[in-house]
Amino acid sequence: MNKEVIRKTKMRDSVSRGVVKVLLSALTVCPAVPTLAQSAEALTVKVNQVKATVQPTMWGVFFEDINMGADGGIYAELIKNRSFEFSRPMMGWKVLGKPKTEGDFQVQNRQQASAANPRFLRVQLHNAAKGSIGLNNEGFRGMGIKNGLRYDFSIMYRQEPSNVKLHLELIDAAGKNIGGTVLNTTATKDWKKQSVSFTANATEQKAKLNIWFEGDGAIDMDMISLFPEDTWKKRPGGMRADMVQMLADMKPGFIRFPGGCIVEGFDLSQRYQWKNTIGPVEDRQLIINRWNFEFAHKPTPDYFQTFGLGFFEYFQLAEDIGAAPLPILNCGMACQFNTAEVVPLDQLDPYVQDALDLIEFANGDASSKWGKVRASMGHPAPFNLKMMGVGNENWGPQYIERLKIFSKAIKDKYPDFQIISSAGTDPDGERFEYSSAELKKMNADIVDEHYYRRPEWFLQNASRYDNYDRKGAKIFGGEYAAQSDRTVSVNNKNNWRTAISEAAFMTGMERNADVVVMASYAPLFAHVDGWQWTPDLIWVDNLRSYGTPNYHTQKLFATNKGTHVVPILSAGQVLAGKDSLYASAVIDKNSNELIVKVVNASPKAVSRNLVLDGVKTSNAKGVLTVLAGNPEEVNSFDKPGGIAPVDNLVTLKGKTYNFNLAPFSFNVLRVKM
């Protein structure tokens, strides 16, 4: 995710396109009518030959606050810049009417009294009548409002001696009132939080909120907030339920958070610090999001992190959807493609202590210092944290020497705790080789590898882990996504061509589950009006969300992960590209089922007999789920189900199933044994 990566990726892409030109043609040509099916040797599943255990964490999700993933995305707050802490304090706000004097709307700073949230807005009123003077908030590319839904408004304020009325008014894109109410304030010397609710009477994608003042005197305003009633689990101040539901439907084994590059920061002053993201939301210190300014092609000057979605909420989300939490912490290094700022080794202790304190926050008894903080936030039981990433996409000697310090401190106190180490930005090259060698010397637990490559790379590397050292570190495929154009290109598409190549690669990861213990696509979310990076797994606007073909591919693997890998062979060999076919097989000992995954990456229909070797059951019933379509097809809000799974009931004849594989298809067969 940087200029050097982009340059090297272009070179690799050019070479790779030449090397696998024949294979790539299978993904770029889609005939109007499928050709006649090919006939060849059978696919044999050795049902009783367990080769590896599939970890519960095998397929997970990676969350980063990019593409408006948090504020304006999964975090359901509708007010932008609610506490006036953006670099331009009135960004997102507009004064309505004509103030009597120049200082009637004045941002003030109480740095000494509240360092985490110093600014507030002082409004001076001069016997204001309703509709004469007010404020407008534009929301995050507008506000998504639903007809008949309750909306909860809250504000922190102080004023004396008089009372002021706040007339709240949601307006649609045409300026029409679609809901509102009145909040009557009372005189108070100290900051006071007050709430009021109302129901919207129309649905609107691009609503805004007006606050009209009535009264006389000064009122100080902070933490102006508006949330929909229908948050996930109806939690006040919570998350967008439709977006969380899409994650829950995947049944992910883990959720990695709070992201990748935002962990590092452009420099260390902008790094992610988990302790600033817990406790009362008004005490969480806002910082600029690094994606605010990273890409000239997508400047987003209003992109900040309010941390209403903080580490407590991440842990809670993981628990809600049955996923293991996987936090990633800064290792004392800023992004090496930006400032490459590092903390001297003799000043690293606070960073290491943050890691130790996080484990205590997640797992400590309610009587411990940080366990007590967790309990005070409403979760006395531990979150059962078992692993942590130290650093993100870091490399070189400076990373290894810092990683060693972190590892020793964590392992000395928590010997069984798993540490995830970075292999850098690329799955090959000098940096990767150096990291791999050094991490092997360290007996690293799990190594985080990233792959942002064109589809042909994923096809070519489906056997990547077949010959990995079985005695070395385990692998976390921490970030991967096939790029239809090139890395960081605005022309990247979430088309079926990219998704089917990922499916082929994933059969190789699943086949080698004794080496690959975790994997996650990245990035996760993108807002159609606020994205910086493509491709992305799930696209949203202010009201809707849909899964890409890549989402359905990831979901099929995650919901059909099984418990143990068994061989699926063609002519005695694994199927990793021969005749453009890719396959893996697992059994689920909990449900006593066999799950076979086969990718046909060619433009031709293919027929294979699937033979179950070692199973007693005959004429078994099963379900065949198929994803298929034109390689260039994408899903959209208008056509969310363009590429979507289709289920078919099937019956085996004895121990054989005639597998008819459609062109460009990913097929999942689930059979009761």
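Everything below is about the structure shown above.
## Quick look at the sheet that holds strand β34 (residues 646–651)
Here seven strands make up an open sheet; going across it, the order is β3-β27-β30-β31-β36-β33-β34 and the pairing antiparallel. Two strands bound the open sheet, and with one partner strand each, they are β3 (52–53) and β34. Relative to strand β31 (residues 593–600), strand β30 (residues 581–588) is paired through eight bridges, and the arrangement is antiparallel. Across the sheet, residue A583 finds its bridge partner in β31, namely V598. Taken strand by strand, helix α11 (residues 496–511) contacts β27 (564–566), β30, β31, β33 (621–628) and β36 (665–672), and its axis lies near 50 degrees from that of β30.

## Here's the deal with the pattern of salt bridges
The final tally for this structure, using the stated rule, is 40 salt bridges. Residue D320 pairs with R235 through a salt bridge whose shortest N-O separation is 2.6 Å. Taken together, the residues span a long stretch of sequence, with D320 in helix α5 (residues 311–320) and R235 in the loop between β14 (204–228) and α3 (241–250) at a distance of 85 residues. Assessed through its relative accessible area of 25%, R235 is described here as partly exposed. Of the charged contacts in the structure, one is a salt bridge between D579 and K578, with a shortest N-O distance of 3.5 Å. When its relative accessible area of 46% is taken as the criterion, K578 is described as partly exposed. Each of E41, K578, D579 and R608 takes part in a single network of salt bridges with overlapping partners.

## Some remarks on the side chain of R497
Here R497 lies in helix α11. For R497, the side chain forms a polar contact with the side chain of E632, separated by 3.3 Å.

## As for the state of the cysteines
Summed over all chains, the structure comprises zero disulfides. In this structure C261 is not part of a disulfide, and its nearest cysteine sulfur, from C335, lies 5.3 Å away. Since its relative accessible area comes to 3%, C261 is described here as buried. Here C331 is not cross-linked by a disulfide; its sulfur's nearest cysteine counterpart is in C335, at 11 Å. Judged by its relative accessible area of 1%, C331 is buried.

Rules of the game
- Residues numbered from 1 in each chain as written.
- Predicted model: local features only at pLDDT ≥ 70, side-chain atom pairs only at ≥ 80, totals over all residues.
- Heavy atoms only, no water.
- Pairing = 2+ DSSP bridges.
- Helix = DSSP H or I, 4+ residues; strand = E, 2+ residues; numbered from the N terminus.
- Contact = heavy atoms within 4.5 Å.
- Axes fitted to C-alpha atoms, helices over the stretch in contact; angles between N-to-C directions.
- Salt bridge = Lys/Arg side-chain N within 4 Å of Asp/Glu carboxyl O.
- Buried < 20%, exposed > 50% of the residue type's maximum accessible area, 1.4 Å probe, protein only.
- Polar contact = N/O pair within 3.5 Å; in protein donor to acceptor, adjacent residues only side chain to side chain.
- Disulfide = S-S within 2.5 Å.

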